Structure formats: C-alpha cells, structure tokens
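Each chain, letter by letter, is given below.
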Amino acid sequence: MSVQKQAIEKYDGRVIPYTCAKEVTVGDVIPLGVSMIGIAVNSGLIGEEISVELETVWTIKAKTADVIAVGDVLYWDDEAKELTKEDEDNVYAGRATSSKAAVAGTVDIKLNV
C-alpha cells in the first residue's frame with residue numbers, strides 16, 4: 001500500500017522568485033495580487049526573475065496625513081509609492097511596528113501579517 005503526501009515542502013517561503021512585469025530596483029515594493037507585498041532583494045529588467053522578500057520588518061515611507069500606531073493595519077498605495085491606512089484600491093501590506101504622527105516620514109512594518 002502506498003501513501004501519498006498531501007503536501008510536499010518546497011522551500012521556507014521567506015524569499016520567493018518573481019518575474020518582473022516592469023523594471024525593478026533593489027528595495028522596490030512589489031505588489032503581489034491584492035493581499036500581499038514583497039521587497040525586491042535584487043534588481044531586474046522586464047521578464048527577468050528576481051528574489052522578493054515576504055517577511056521581516058522594513059522601514060517604508062508612509063502617507064504624511066496618516067497617524068499610525070504600533071499594530072495598525074497598513075496598505076501599499078502603488079500609485080503614491082507609500083504606505084497608508086486606506087484600504088480602498090490599495091494592497092494589504094502588513095502591520096506597523098512603529099508609530100508616526102501626521103507628518104512626513106517613515107514607519108516600520110512587519111510584512112504580510
């Protein structure tokens with residue numbers, strides 16, 4: 001009698017391969033569907049495969065008008081190239097691990113949690 005596995009581990013998933021839909025520079029935020037982002041680990045041209053980080057904590061520019069507290073859910077506004085608390089038309093990014101007043105600045109974010 002043979003037993004077939006329901007799942008086979010492929011890799012840890014912290015970093016995944018990504019085929020560039022446009023030119024990418026290391027450190028760019030890459031929207032992955034509507035509910036996940038990744039950070040480019042290396043640069044690539046259209047059609048090239050690069051590595052994209054899906055975890056860890058990153059410091060990213062946040063919308064000036066947003067007051068952000070630790071634990072707030074954040075979204076990536078790909079048009080403005082910044083994090084925001086506004087979910088409409090934006091990609092889920094993760095949760096804030098630092099705070100920010102309603103001034104220009106950055107926030108630390110734990111990706112995709």
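See the structure above.
Position numbers for residues count from 1 along each chain, tracking the sequence in the order it is written. The predicted nature of this model means local features are confined to residues of pLDDT at least 70 and side-chain atom pairs, given and counted, to a pLDDT of 80 or more, with totals for whole chains, interfaces and linings taken over all residues. Where side-chain values are given, they derive from all heavy atoms of the structure, hydrogens and water being excluded.

Engineer: What is the right way to read the sheet that holds strand β1 (residues 15–19) from this model?
Structural biologist: Within a sheet, adjacent strands bond to each other through the backbone by hydrogen bonds, running parallel or antiparallel. Pairing in this open sheet of four strands is antiparallel, and the strands run β1-β4-β3-β2 from one edge to the other. Single-partner strands in this sheet number two, and they are β1 and β2 (29–31). Mean inter-strand twist for the sheet, computed between neighbouring axes without regard to direction, equals 45°. For two strands to count as paired, DSSP must find a minimum of two bridges between them. Put simply, DSSP H or I for four residues or longer makes a helix, DSSP E for two residues or longer makes a strand, and each gets a number counted from the N terminus. Axis geometry follows a simple rule: fit a line to the C-alpha atoms, using only the stretch in contact for helices, then measure angles between N-to-C directions, giving values from 0 to 180 degrees.

Engineer: How should I be thinking about the pairing of strand β8 (residues 91–96) in this particular structure?
Structural biologist: Looking along a regular strand, one sees the side chains alternate between the two faces of the sheet. Among the six residues in β8, five count as buried, and that is most of the element. Where strand β6 (residues 73–77) meets β8, four bridges bridge the pair, whose relative direction is antiparallel. Across the sheet, Y75 pairs through a bridge with Y92, a residue of β8. Note that β8 and strand β9 (residues 105–111) share three bridges and pair antiparallel. Note on β9: the bridge partner recorded for A96 is I109. Relative accessibility under 20% of the residue-type maximum defines a buried residue, over 50% an exposed one, and the middle range a partly exposed one, all with a 1.4 Å probe and only protein chains included.

Engineer: Where do I start with the pairing of β9 in this structure?
Structural biologist: Examined bridge by bridge, strand β5 (residues 57–62) and β9 share six bridges and lie antiparallel to one another. Residue pairing for β9: K61 is matched across the bridge by T106.

Engineer: Looking at this structure, how should I read the nonpolar core?
Structural biologist: One recurring pattern in soluble globular proteins is that nonpolar side chains are buried together. The biggest cluster of nonpolar side chains holds 15 residues, and the ones touching the most others in it are I37, I60, L74, W76, L83, V107 and I109. Those elements that place two or more of their residues in this core are β3 (37–40), β5, β6, β8 and β9. Two residues qualify as a contact provided that any one of their heavy atoms is within 4.5 Å of a heavy atom in the partner residue. Leave out the neighbours within four places in its chain, and L83 touches I60, K61, A62, K63, D66, L74, Y75, W76, A93, V107 and I109. Counting residues in hydrophobic clusters, the runner-up holds ten residues, among them Y18, I30, A40 and I50. Put simply, buried Ala, Val, Leu, Ile, Met, Phe, Trp, Tyr and Cys residues joined by side-chain atoms within 4.5 Å make one nonpolar core.

Engineer: Sorry, what's going on with a negative patch on the surface here?
Structural biologist: Where like charges cluster on the molecular surface, the negative patch consists of E86, D87, E88 and D89. As for its position among the elements, D89 is in the loop between β7 (82–84) and β8. By relative accessible area, D89 is classed as exposed at 77%. The patches described consist of residues with a relative accessible area above 30% and no salt bridge, like charges being joined within 9 Å and nonpolar side chains (Val, Leu, Ile, Met, Phe, Trp, Tyr) within 5 Å. The protein chains shown are the only cover counted for residues, whose accessible areas, like all others here, come from Shrake-Rupley with a 1.4 Å probe. A pairing counts as a salt bridge when a side-chain nitrogen of Lys or Arg comes within 4 Å of a carboxyl oxygen of Asp or Glu. Neither His nor the chain termini are counted; the positive set is Lys and Arg, and the negative set is Asp and Glu. A charged residue contributes its charge at one atom only: NZ of Lys, CZ of Arg, CG of Asp or CD of Glu.

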